[in-house]
Amino acid sequence: MSTIAVRTRGVARYVGLTLFAIPWILVPFWLLIVNSLKTQGDASVLSMSWPKHWSAGANYHTVIDKGSYLTGLRNSALLAVPTILAVLLLGSMAAWAYARSDSRTLRFAYYTSALSIVLPPAIIPTIYVLTQLGLNGSRLGYMLVIAGTRLGVVIFLATGFVRTLPHDFEEAAQLDGANKWQIYWRIVLPVLTPVLFTGAVMLIISVWNDFYFALFLLRGSQAATLTLYSFASSSTHGVSWNLVFAHVVLTSLPLVLVYLVLQRRVLAGLTEGGVTG
């Protein structure tokens, strides 16, 4: 096949993907942004037209001031960061154990952990267990639940990655007198960095956008995260869609900034992980 034909196919593929992405990504994104700039009356129509009356400053000021945006931002960060770090650490440890063991018990534990990815969360038993432990409504209880429901993702990704790695470095370290913790910390964990970085990106999106567990497991406005919108309830004038959209924009802004800063590292991690495997 000639070079021109290959380039033509490549261009056609990108054009096709772009056209496919427009109704699924660009249209909702434009609808979100443009309606966050309108007044309540104009935004209630949910159209994609430019605002007839601009209210951007008032909308975003109301969300930040009356919507407790800074409090929600602090709570989301305090809950998400340690939870994600704990999931990555514990998940990578479990993945190493599962990948290097022939035990049927550990194999059953691995499949049970991976199965948690597709199983729906059971909120009532979760609340009952947390109540018995005295953790219902607390941040610690919420973090434990989030970590438990997300652990299967990291275990699934990292176990398959570890199985493709040779045993040579681990056996050499063991012969040199290294214990299990030293082997994990100095050899296994650095090698797992690419796949853990990919898993961290997935966890950041999932944990930051969590609404279901935050609604049931966190009590009081002082513990609320960004996803618990203050303007989504109906009133005599209907839902304030302009404020809801402005809140969604501000909630998504930290994720966008993180992606812009780390996008090269994300691609490098995916590429490195694919080459290593």
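The preceding data block contains the structure.
First, a word on what this report is: a plain description of the structure on this page. If you're wondering where the values come from, they're calculated on a predicted model, not measured in any experiment.

Brief notes about the pattern of salt bridges
Consideration 1: Under the criterion given, the structure shown has two salt bridges.
Consideration 2: Note that Glu170 is salt-bridged to Arg100, the shortest N-O span being 2.8 Å. A residue pair is termed long-range when its members are at least 10 positions apart, and Glu170 in helix 8 (residues 168-175) and Arg100 in helix 4 (residues 69-100) qualify at 70 residues.
Consideration 3: In this structure Glu170 comes out as buried when scored by relative accessible area, which is 12%.
Consideration 4: As a salt-bridge pair, Asp210 and Arg150 come within 3.7 Å of each other at their nearest N and O atoms. Here Arg150 lies in helix 7 (residues 139-163) and Asp210 lies in the loop between helix 10 (193-208) and helix 11 (212-217), a separation of 60 residues in the sequence.
Consideration 5: Taking relative accessible area as the criterion, Asp210 reaches 6% and is therefore assigned buried.

Observations concerning empty space enclosed by the protein
Consideration 1: Going through the model one piece at a time under the given rule, you end up with one cavity of 30 Å³ or more.
Consideration 2: Quantified by volume, the largest cavity comes out at close to 60 Å³.
Consideration 3: In this structure, the largest cavity is lined by Ser76, Leu79, Ala80, Tyr142, Val207, Trp208, Asp210 and Thr225.
Consideration 4: At the level of secondary structure, the elements contributing two or more residues to the lining of the largest cavity comprise helix 4 and helix 10.
Consideration 5: If one sorts the elements of the lining of the largest cavity by residue count, helix 4 sits on top with three residues.
Consideration 6: Within the lining of the largest cavity, the residues separate by chemical class into five nonpolar, two polar and one charged.

Brief notes about the layout of surface pockets
Consideration 1: Within this model, the largest pocket holds a volume of roughly 420 Å³.
Consideration 2: At the level of elements, helix 7, helix 10 and helix 11 are the ones that each hand at least two residues to the lining of the largest pocket.
Consideration 3: Ranked by the residues each element gives to the lining of the largest pocket, the list is headed by helix 7, at six residues.

Things to note about unusual backbone geometry
Consideration 1: Of note, the phi angle at Leu46 is positive, near 60 degrees, even though the residue is not glycine.
Consideration 2: Even without glycine at this site, Ser68 takes up a positive phi of about 55 degrees.
Consideration 3: With respect to the secondary-structure elements, Ser68 resides in the loop between helix 3 (56-66) and helix 4.

Describing the packing of aromatic side chains
Consideration 1: A full pass over the atoms with the stated rule returns 10 aromatic pairs.
Consideration 2: Taking 5.4 Å as the distance between ring centres and 20 degrees as the angle between the ring planes, the aromatic pair formed by Trp181 and Trp185 counts as stacked. Taken as a pair, Trp181 and Trp185 lie in helix 9 (residues 180-191) at a separation of four residues, close to a single helical turn.
Consideration 3: Overall, the relative accessible area of 47% leaves Trp181 in the partly exposed class.
Consideration 4: Among the aromatic residues, those joined into a cluster by ring pairs are Trp96, Trp181, Tyr184 and Trp185.
Consideration 5: Note that Arg163 overlies the ring of Tyr110, its terminal NZ or CZ placed 4.9 Å from the centroid.

Thresholds, definitions, all that
Residues numbered from 1 in each chain as written. Predicted model: local features only at pLDDT ≥ 70, side-chain atom pairs only at ≥ 80, totals over all residues. Heavy atoms only, no water. Salt bridge = Lys/Arg side-chain N within 4 Å of Asp/Glu carboxyl O. Helix = DSSP H or I, 4+ residues; strand = E, 2+ residues; numbered from the N terminus. Buried < 20%, exposed > 50% of the residue type's maximum accessible area, 1.4 Å probe, protein only. 1 Å grid on protein atoms, 1.4 Å probe; cavity = no way out; pocket = protein on both sides within 12 Å on 5 of 7 lines; lining within 4 Å. Points joined across faces, edges and corners; volume = space filled by probe spheres on them. Nonpolar A, V, L, I, M, F, W, Y, C, P; charged D, E, K, R; others polar. Phe/Tyr/Trp six-rings, centres within 6.5 Å; stacked < 30°, edge-to-face > 60°. Lys NZ or Arg CZ within 6 Å of the ring centre and 35° of its normal.

Worth remembering: the numbers are spatial, not functional.
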